[in-house]
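Residue-level structure breakdown
Residues per chain, in single letters:
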Amino acid sequence: MLTCEPLKSYEEGCGLNEEEMNMKLTGAQVIWETIIQQGTNVVFGYPGGAILPTYDALVDYQDRVHHVLVRHEENAALAADAYFRATGKVGVCMATSGPGATNLVTGLANAMMDSSAVVAITGQVASYLVGSDAFQETDVTGVTLPITKHNYLVMDVNELPQVMAEAFYIARSGRPGPVLVDICKDVQQKMVDYEPIASVQMRGYRAIKPHGRQDIPALLQRAKELIDHARRPIILAGQGIKHGNAHEEFRAFVEKSGIPVATTLLGIGVLSEDHPLNLRMMGMHGEAYVNQAIANADLLIALGMRFDDRVTGNLKTYAKNARVIHVDIDAAEINKNVPADVGIVASVKDVLRELTPMIEKRSYPAWMEQINEWRADTQARDVLNVALPDDMLLAPHVMRAIWEETKGECTICTDVGQHQMWETQYFQHTRKNQLITSGGLGTMGFALPAAIGAKFGRPDDEVWAIAGDGGFQMSIPELATVMQEKLDIKIAIINNNFLGMVRQWQELMHNHRYSAVEMWTPDFVKLAQAYGMCGLRATNIKEAREVIRRAREHKGPVLIEFVVEKETNVFPMIQPGKSLNEMTRRPIQPAALGGGMEFMKEKAR
Amino acid sequence: MLIDRIEARKNPTKHTLVALVENKPGVLNRVASLMRRRNFNIESLAVGTTEDPTVSRMTIVIDASRTNAALVERNLYKLVNVIDVQDVTDLPTVVRELALIKVRVSDAQHRGEIKQIADMFQSRVVDVAKESVIIEVTGEEQKVDSILNVLQDYGILEVVRTGRIAMTRG
């Protein structure tokens, strides 16, 4: 019935009753309301006594938030990290006090090192028990202080709505990172007036805090001049381009400037690897021609990367003749490892929007010719050139087979070690943020929980977890999570019965003294079956292709064990402390394999 | 040994940072933890409240020959509770330090001499006991160093220094 009477009150106008206008919620409800408001609909967690009120409230939020019960809290944090990398939405993990919270530590350190926006919510003992060594009490804010961007202990429910909003804001703004909110059990139970917090104003925190007063136009002008005068420039592209969602601006800059691009491990995917100017990954296990190009460059344009020691090798000899333009959103990265001629504290997106129109469209034929000469030498050494005997399988062949069979249309989550580096070398990444891997911390066991997180983030995508036999044995319990959640994930285990990368270091730097690296492994196929999962095995390249095809056809999770040659090394390699041009190279490969594994083992020439 | 310390303090590589931080529990811990994990060397760190009860002020002194002061400043900015950081090293500032010095006195003559020394440094004797006195001295570090140097011969029993506090002029 229509009425022309004026509305009686504001509440009526909003269609809210008085109760809704002054919503009283429990602390637990505030937690779920905030998570939903922040656009995250998956939480990875594990319940326990001190977080019970929040899990109790979850029953009423199940239609809006999906909770994934992991089998170990560390994997909740790692899954949340990968969820962020797959979606750009803040990943959320949850654990109880004491051991639950301390189990998050590795995952949070991983998110810190790789700048992933993660909010960890932990239960704490009741506020009146804090400090009394109560059951399952741990000083979690103290423990996680150095491995979080910020953390909170909430002892008063009235602070909770603000703290929760701040946590999400801090996690995803500026340089993303993990934020932990430790919430006392009684705070979860108490009532508070709740109003969704639309925007966060914080006194100290600014997403970008430039050092001093930057004269951006002058810095850009100097950058332009350095670019104008460069004859052998190279762009070093890092994950900051992803985080700033600057893919388009980056591509435009690369194409106009004509400058070749080397990416960091986490920068893989900022530019398609079939782009003619993408040289691919640099650093310790980057292809030789990429490192040669950096070592001989006269200008480095570092965008959203932090000159990690795995990238630079020996700093004293690093790109000695190069001027450096460094753009990073984190002021503390400028001049930290490599002094910058031009250091700009800003988002890569903003800088490239300004800088690209300023520069000339150019190309560097002589420089590219030199790089291509180096590249040809690298290609002549490719292990894939060798025809393998029927009883042998090498990990690089597996990576190439996965790439060819999937046509590169999948998300890959790797563990840490040799297989991780082979993946970067033999899988051509053409899609945005296609590779999800643990870079800075090098967290073994990352692949499977990461694949779980990524699958929730990209439910329609084909998701592969690629792990070594070592790392995978650290996350076996999550096979149960995969089954419980009915996740269609393809798990590839590269089994060489060794901690491969550690063995490689022992071989090359500790005179073949193998200490604690030989690994007994279970029958992975039977293990898969024990979890109710399809299990497959391949021992040569023909079988490898066959099982990859079968796995992809199978609807549902599949675990594949690739039994590979035990003692192959990842080359090239810059040994710790060595310079970019002191790589241990692959030998030039014979067309056919003439006995033994010597072809993989030649040292630096 | 004391002389070495004095020489070190004259080292021009010393940088003074002033940080305004939120007056909340644990903020000092966050700053100290940052310094520790980044392997930054702090010479002194003085904390106190300000005209605004929600803000504390830290004066941090760094030996820039061992630690890059700009990196310290930028890392401090990364802490969520840090409101503002300023390197005041090259600015005109008033710099002070307070020290309490407990000196051995063996007889009345010594006590008189020490009183005279204290007067000369415009400092005060704030406690007198049978075998010791406590002198309160305020000033720039060099002044504190100097009186320590002079009193050394009498036998210094205990020293406490607040560390440098600084305020820009004007």
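All of the points below concern the structure found in this document. (Residues numbered from 1 in each chain as written. Chains lettered and ligands numbered in written order. Predicted model: local features only at pLDDT ≥ 70, side-chain atom pairs only at ≥ 80, totals over all residues. Heavy atoms only, no water.)

When its secondary structure is counted, chain A shows 25 helices and 20 strands. Scaling as 2.2 N^0.38, a compact globule of 605 residues should have a C-alpha radius of gyration of about 25 Å, and chain A matches this with 26 Å. Seen along its three principal axes, the alpha-carbon backbone of chain A occupies a region of about 85 × 65 × 60 Å. Within the span of chain A, comprising 605 residues, buried residues form 60% of the whole. For chain A, restricting intrachain contacts to residue pairs at least 6 apart in sequence, the fraction spanning at least 24 positions comes to 76%. Per element, the accessible surface of chain A, about 23,900 Å² overall, is 50% carbon and sulfur. Counting 60 positive and 73 negative side-chain charges, chain A places the centres of these two groups 7 Å from one another. (Helix = DSSP H or I, 4+ residues; strand = E, 2+ residues; numbered from the N terminus. Rg over C-alpha atoms; globule rule 2.2 N^0.38 Å. Buried < 20%, exposed > 50% of the residue type's maximum accessible area, 1.4 Å probe, protein only. Contact = heavy atoms within 4.5 Å. Areas by Shrake-Rupley, 256 points an atom, 1.4 Å probe, with all protein chains shown as cover. Lys, Arg positive; Asp, Glu negative; His and termini not counted. Charge placed at Lys NZ, Arg CZ, Asp CG, Glu CD.)

A separate point is the overall build of chain B. When helices and strands are tallied, chain B shows five helices and nine strands. Put simply, chain B runs from its N terminus to its C terminus through helices and strands in the order α-β-α-β-β-α-β-β-α-β-β-α-β-β. Principal-axis analysis of the C-alpha atoms places the extent of chain B at approximately 55 × 35 × 35 Å. A total of 170 residues make up chain B; the buried ones form 41% of that total.

With that settled, consider empty space enclosed by the protein. Residue and element names in this part refer to chain A. Enumeration according to the criterion identifies two cavities of 30 Å³ or more in this entry. What the largest cavity holds in volume is close to 50 Å³. Lining the largest cavity we find Glu273, Arg280, Met281, His285, Gly286, Glu287, Thr424 and Gln425. Breaking the lining of the largest cavity down by element, the ones donating at least two residues are strand S11 (278-281) and helix H19 (418-426). Across the lining of the largest cavity, the residue classes break down as one nonpolar, four polar and three charged. (1 Å grid on protein atoms, 1.4 Å probe; cavity = no way out; pocket = protein on both sides within 12 Å on 5 of 7 lines; lining within 4 Å. Points joined across faces, edges and corners; volume = space filled by probe spheres on them. Nonpolar A, V, L, I, M, F, W, Y, C, P; charged D, E, K, R; others polar.)

To describe a pair of aromatic rings, one takes the distance between the centres and the angle between the planes. Residues and elements named next belong to chain A. Scanning all chains against the criterion turns up seven aromatic pairs over all chains. Note on Phe44 and Phe456: the rings are 5.9 Å apart at their centroids and 75° apart in plane angle, and the pair reads as edge-to-face. Linking Phe44 in strand S2 (residues 42-45) with Phe456 in helix H20 (residues 447-457), this pair joins segments that are 412 residues apart in sequence. For Phe44, a relative accessible area of 0% corresponds to the buried category. Assessed through its relative accessible area of 19%, Phe456 is described here as buried. Centroid distance Phe498 to Tyr514: 5.7 Å. Interplanar angle 75°. Geometry classified as edge-to-face. Taken together, the residues span a long stretch of sequence, with Phe498 in the loop between strand S18 (489-495) and helix H23 (500-509) and Tyr514 in the loop between H23 and helix H24 (524-530) at a distance of 16 residues. (Phe/Tyr/Trp six-rings, centres within 6.5 Å; stacked < 30°, edge-to-face > 60°.)

A few words now on the interface of chain B and chain A. On the side of chain A, 19 residues touch chain B, which itself brings 20 residues to the contact. For the pair chain B and chain A, the two sides together bury roughly 1,800 Å², of which 53% comes from carbon and sulfur. It is Arg30, Arg74 and Val80 of chain B in chain B that bury the most area against chain A; as a group they hold 39% of the surface buried on that side. Put simply, chain B and chain A have two salt bridges between them. The partner of Lys78 of chain B in a salt bridge is Asp330 of chain A, and the shortest N-O contact between them spans 2.6 Å. Along the contact surface separating chain B from chain A lie six residue pairs in polar contact (both at pLDDT 80 or more). (Buried area = accessible area lost by both parts, 1.4 Å probe. Salt bridge = Lys/Arg side-chain N within 4 Å of Asp/Glu carboxyl O. Polar contact = N/O pair within 3.5 Å; in protein donor to acceptor, adjacent residues only side chain to side chain.)

On to the state of the cysteines, then. Residue and element names in this part refer to chain A. Counted by the stated rule, this structure contains zero disulfides over all chains. Summary of cysteine pairing: Cys410 is not part of a disulfide, and the nearest cysteine sulfur, belonging to Cys413, is at 9.7 Å. Here Cys534 stays free of any disulfide, with the sulfur of Cys410 as its closest cysteine sulfur at 18 Å. Residue Cys534 is classed as partly exposed on the basis of its relative accessible area, which comes to 24%. (Disulfide = S-S within 2.5 Å.)

What follows concerns the sheet that holds strand S14 (residues 342-345) of chain A. All names here are of chain A. Ordered in space as S11-S10-S9-S12-S13-S14, the six strands form an open sheet in which the pairing is parallel. Single-partner strands in this sheet number two, and they are S11 and S14. Each strand of the sheet is rotated relative to its neighbour by a mean of 15°, with strand direction disregarded. Against the sheet, helix H11 (residues 216-229) contacts strand S12 (299-303), strand S13 (323-328) and S14, and its axis sits at roughly 135° relative to S14. (Pairing = 2+ DSSP bridges. Axes fitted to C-alpha atoms, helices over the stretch in contact; angles between N-to-C directions.)

Roughly 740 Å³ of volume is contained in the second largest pocket. The wall of the second largest pocket is formed by 37 residues, among which Met112 and Asp330 of chain A together with Arg37, Arg38 and Lys78 of chain B lie closest to the centre. For the lining of the second largest pocket, the secondary structure elements donating two or more residues are helix H7 (105-113) and strand S6 (150-154) of chain A together with helix H2 (27-37) and helix H3 (69-78) of chain B. Here the lining of the second largest pocket takes four residues from H3 of chain B, the largest share from any one element. Residues that form the lining of the second largest pocket fall into these classes: 18 nonpolar, six polar and 13 charged.

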